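Residues per chain, in single letters:
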Amino acid sequence: MDRIVVVGSGSPLTGEVRVSGSKNSTLALMAAALLGDGETIIHNAPRVRDVSTMIQILQSLGAQAGWIEGESNSLSIDTRGVNQFEAPYDLVRQMRASFLVLGPLLARYGRARVSEPGGCAIGVRPIDQHLKAFEQLGAELSLDHGYVEAHGKLSGTSFSFDMVTVNGTQNAMMAAVLTPGETIMENCAREPEVMELAAMLKKMGADIRGDGTQHIVIRGVEKLKSVEFQVSGDRIEAGTLIAAGMITKGDVRVTGIDPALLGSTLEKMREAGAIFDIEKDNVRVRIGTPTVGVSVATAPYPGFPTDMQAQLMAVMTLATGSSVIVENVFENRFMHVPEMQRMGADISVKGRSAHVRGVEKLLGAEVMATDLRASASLIVAGLAAEGETTVNRVYHIDRGYERIEEKLQNLGAVIRREG
Ligand code: UD1
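Conventions we followed
Residues numbered from 1 in each chain as written. Predicted model: local features only at pLDDT ≥ 70, side-chain atom pairs only at ≥ 80, totals over all residues. Heavy atoms only, no water. Buried < 20%, exposed > 50% of the residue type's maximum accessible area, 1.4 Å probe, protein only. Helix = DSSP H or I, 4+ residues; strand = E, 2+ residues; numbered from the N terminus. Polar contact = N/O pair within 3.5 Å; in protein donor to acceptor, adjacent residues only side chain to side chain. Near = heavy atom within 4 Å. Areas by Shrake-Rupley, 256 points an atom, 1.4 Å probe, with all protein chains shown as cover. Domains from an automatic or database assignment. Contact = heavy atoms within 4.5 Å. Phe/Tyr/Trp six-rings, centres within 6.5 Å; stacked < 30°, edge-to-face > 60°. Lys NZ or Arg CZ within 6 Å of the ring centre and 35° of its normal. Buried area = accessible area lost by both parts, 1.4 Å probe. Salt bridge = Lys/Arg side-chain N within 4 Å of Asp/Glu carboxyl O. Nonpolar A, V, L, I, M, F, W, Y, C, P; charged D, E, K, R; others polar. Pairing = 2+ DSSP bridges. Axes fitted to C-alpha atoms, helices over the stretch in contact; angles between N-to-C directions.

(A) Representation of helix 1 (residues 23-32). By the criterion of burial, helix 1 is predominantly enclosed, with nine of the 10 residues buried. Along helix 1, the positions that sit buried rather than exposed are Lys23, Ser25, Thr26, Leu27, Ala28, Leu29, Met30, Ala31 and Ala32. Capping the start of helix 1, Ser22 holds a side-chain oxygen 3.0 Å from the backbone nitrogen of Ser25, two or three residues further along.

(B) Structural context of the site of the ligand. For the ligand, the set of nearby residues contains 19 residues, the closest of which are Asp128, Gln129, Thr165, Asp307 and Val329. The side chain of Asn24 places a nitrogen or oxygen atom 3.1 Å from an oxygen atom of the ligand. A distance of 2.6 Å is found between an oxygen atom of the ligand and a backbone nitrogen or oxygen belonging to Val329. Surface burial for the ligand is 88%, taken as the share of its 740 Å² of free accessible area covered by protein chains. The leading source of residues in the shell around the ligand is helix 5 (residues 128-136), at three residues. Per-domain counts for the shell around the ligand show at least three residues from each of domain 1 (3-19 + 233-418) and domain 2 (23-230).

(C) Region of interest: the side chain of Thr157. With respect to the secondary-structure elements, Thr157 resides in the loop between strand 9 (147-151) and strand 10 (158-160). Setting aside residues no more than four positions away along its own chain, Thr157 makes contact with Gln136, Leu137, Glu182, Thr183 and Ile184.

(D) Examining the packing of aromatic side chains more closely. As enumerated under the stated definition, the model contains two aromatic pairs in all. Measuring from ring centre to ring centre gives 5.2 Å for Phe85 and Tyr109, while their planes differ by 50°; the resulting arrangement is tilted. Placement of the pair is Phe85 in the loop between strand 5 (75-78) and strand 6 (86-87) and Tyr109 in helix 4 (residues 102-109), with a sequence separation of 24 residues. With a centroid separation of 5.3 Å and an interplanar angle of 80°, the aromatic rings of Phe159 and Phe161 are classed as edge-to-face. Across the pair, exposure class does not vary: Phe159 and Phe161 are buried alike. Sitting over the face of the ring of Tyr147, Arg113 holds its NZ or CZ atom 4.2 Å from the ring centroid.

(E) Spatial organisation of the domain arrangement of the chain. The domains assigned to the chain are domain 1 (3-19 + 233-418) and domain 2 (23-230). Measuring from the centre of the C-alpha atoms in domain 1 to the corresponding centre in domain 2 gives 30 Å. Counting from both sides, the interface comprises 23 residues of domain 1 and, opposite them, 22 residues of domain 2. Of the roughly 1,800 Å² buried between domain 1 and domain 2, counting both surfaces, carbon and sulfur atoms make up 49%. Our count for the contact surface shared by domain 1 and domain 2 stands at two salt bridges. Taking the shortest distance from any N to any O, the salt bridge between Arg235 and Glu193 comes out at 2.8 Å. Among the elements of the structure, helix 12 (372-384) and helix 13 (395-398) are those that each provide at least two residues to the side of domain 1 that touches domain 2. Looking at the side of domain 1 that touches domain 2 residue by residue, the classes come out as nine nonpolar, four polar and 10 charged.

(F) Representation of the sheet that holds strand 13 (residues 216-219) in the model. Within the open sheet, the four strands sit side by side as 10-11-13-12. Their pairing is mixed. Each having just a single partner strand, strand 10 and strand 12 (207-209) make up the two edges of the open sheet. Ignoring strand direction, the axes of neighbouring strands in this sheet form an average angle of 15°.

Structure representation (structure tokens):
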């Protein structure tokens, strides 16, 4: 099994690095391709494992889906052959976002059977809000041998999500765009990935208003056409690379990203001592004063992203003073803590709060990746630790980061993958 070895060389990372397209946006856009009548082309899609899983799911439905030859990051999805309406357990269990095909299948073909995603390393992640939305739209739902079965004719309605859910909002949007009448959804997620999905759906002919707010109004149309769409840069990968620059006291320019999407992340890092030069499509990070501890609580967008929590914690392990990091979005998303402790970090966890007391140095160790962002945080910590850090189970990082070791090498990191 692959592992990544990072040698904390003590030298700052320097140079320029380009982020890949947003993994989370791409997954939703791929599901939305099911709503189009022909071939959808998605440019700037990251070549990561989650995208491959979604390709397999679309193929299992009968779509032609895959990378366009000769173009490194463009996907083609042709839905004209779709003749199956079931997403199997074997694929869905690998990635919860597979559940995103339910909305489009139901709206376009009137039926879908999708495996329940099951448990997940970062806590119980129910799908009740997705189901609530489909039910409100008039779908008949049943649970059968671990599968959610949905069918029926949908019609416009009004409802409110009980909590803010990104994929839940996206799934409901994809169902509502082909549903006759007007659908009003309250308490929607405002994440950039929701807006990006709305942008593609609008290009396809959908009538959506209010995306980017908590109140989304959709008027169903009869048919949507397939389009070509460019995914924007991954804000979480950008934040991770900035954290890598910060922890090594480097000077790194991260390009291919709209800095406006990084608002709360940059704000916290600035408070911790980072200096940013912000341009239209890039951010340069440097460190002026020694990094200081900051307190942060994760929250839905525009709050501090849960997907950046572990990487910020890595930076905080070496800050002056202490930090309190509260995880409000997911339960049990502190799996990286015991691994960082193995490297000498001083962290104590009580419920949803982690108290981090900065230490003088981290020591390289053998550690285990437990989820996507946790593995990224261990690489970030390893860059600043003394000696060698071996991150095992790197298939987690391959789910969402494209050529991460190559990108860090180009910034001067000593990092390699071992098979
Ligand atoms: C998406 C992102 C993930 C990110 C998360 C929060 C993708 C593929 N993944 O995940 O990287 O960490 O948003 O920003 O886009 N919940 C329920 N019932 C539901 C749905 C969610 O209780 O039906 C709860 C979850 O358990 C969690 C919270 O709501 O505690 C937020 O989850 P949600 O926003 O749905 O996360 P995802 O969309 O799965």
